[in-house]
Amino acid sequence: MIILPEILAARIREEGERSYPDECCGAVFGTATDDGAKSAVSILPVDNARDDGESYHRFVITAEDYLKAELEARSRRLDIIGFYHSHPDHPAEPSEYDKEHALPFYSYAIVSVNNGAAAELTSWELAPDRSVFYNEEILEGSQT
């Protein structure tokens, strides 16, 4: 489960619309409990570094951008608890490519953007053995 304040869910949707027809991406900062529940506090949009003409259905967060996000999270005494990206004109479900590039523990929020308008927002967590993504419940709470 991930607690995602309404304002952050709205920002993810806005990022998806802004970057359409390309994929947007970014980090999700927050805290996690021992039982696996995550609580999002903020997001950090990252420029999609995919530059081979594939950015309409792929995203890349460079090692440099990941390091910047990690340092930003630490400076705020938070953790990177996940990442988000958009699926332009596709469902908000992880692709095989997403599974191949994901890591267990993190939440992977995906917003479907259809003809430039944000639609469904889902979240997924990769099984520890990396075999499958599990749909993760999103609780859209008010800003904390």
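Look above for the structure.
Here is what the cut-offs are and how they apply
Residues numbered from 1 in each chain as written. Predicted model: local features only at pLDDT ≥ 70, side-chain atom pairs only at ≥ 80, totals over all residues. Heavy atoms only, no water. Patch = residues over 30% accessible without salt bridge, like charges linked within 9 Å, V, L, I, M, F, W, Y side chains within 5 Å. Areas by Shrake-Rupley, 256 points an atom, 1.4 Å probe, with all protein chains shown as cover. Salt bridge = Lys/Arg side-chain N within 4 Å of Asp/Glu carboxyl O. Helix = DSSP H or I, 4+ residues; strand = E, 2+ residues; numbered from the N terminus. 1 Å grid on protein atoms, 1.4 Å probe; cavity = no way out; pocket = protein on both sides within 12 Å on 5 of 7 lines; lining within 4 Å. Points joined across faces, edges and corners; volume = space filled by probe spheres on them. Nonpolar A, V, L, I, M, F, W, Y, C, P; charged D, E, K, R; others polar. Phe/Tyr/Trp six-rings, centres within 6.5 Å; stacked < 30°, edge-to-face > 60°. Buried < 20%, exposed > 50% of the residue type's maximum accessible area, 1.4 Å probe, protein only. Contact = heavy atoms within 4.5 Å. Polar contact = N/O pair within 3.5 Å; in protein donor to acceptor, adjacent residues only side chain to side chain.

K.L.:
Would you explain a nonpolar patch on the surface in this entry?
P.N.:
On the surface, a cluster of nonpolar side chains totalling about 210 Å² of accessible area is made up of Met1, Ile3 and Leu139. Mapped onto the elements of the fold, Leu139 is located in strand β8 (residues 138-139).

K.L.:
Teacher, can you tell me more about empty space enclosed by the protein here?
P.N.:
Gaps left between atoms are located by rolling a probe of water-molecule size over the structure's atoms. With the rule as written, the count across this model stands at one cavity of 30 Å³ or more. Empty space within the largest cavity amounts to approximately 40 Å³. Across the lining of the largest cavity, the residue classes break down as six nonpolar, two polar and no charged.

K.L.:
Even after reading the chapter, I still don't get the packing of aromatic side chains, so can you show me in this structure?
P.N.:
Aromatic ring pairs are described here by two measures, namely the spacing of the ring centres and the angle between the planes. All told, the structure shown has six aromatic pairs when counted by the stated rule. Each ring, one from Tyr66 and one from Phe83, has its centre 6.1 Å from the other, and the planes form 35°; the classification is tilted. Taken together, the positions of Tyr66 in helix α2 (residues 63-75) and Phe83 in strand β4 (residues 79-88) put the pair 17 residues apart, joining distant regions of the chain. You can call Tyr66 partly exposed: its relative accessible area is 29%. Ring geometry for Tyr108 versus Phe133: centroids 5.8 Å apart, planes at 75°, classification edge-to-face. With a gap of 25 residues between them, Tyr108 in strand β5 (residues 107-114) and Phe133 in strand β7 (residues 133-136) connect regions that are remote in the sequence. There is no split in this pair, since Tyr108 and Phe133 are both buried.

K.L.:
Would you explain the environment of Tyr20 in this entry?
P.N.:
Its place among the elements puts Tyr20 in the loop between α1 (6-19) and β2 (25-32). Among the residues examined, Tyr20 registers a relative accessible area of 25% and is labelled partly exposed. Residues Tyr20 and Val113, spaced 93 residues apart in sequence, show a C-alpha to C-alpha distance of 7.4 Å. Apart from the residues within four sequence positions on either side, Tyr20 is in contact with Pro88, Asp89, Val113, Asn115 and Gly116. A polar atom in the side chain of Tyr20 sits 2.6 Å from the side chain of Asp89.

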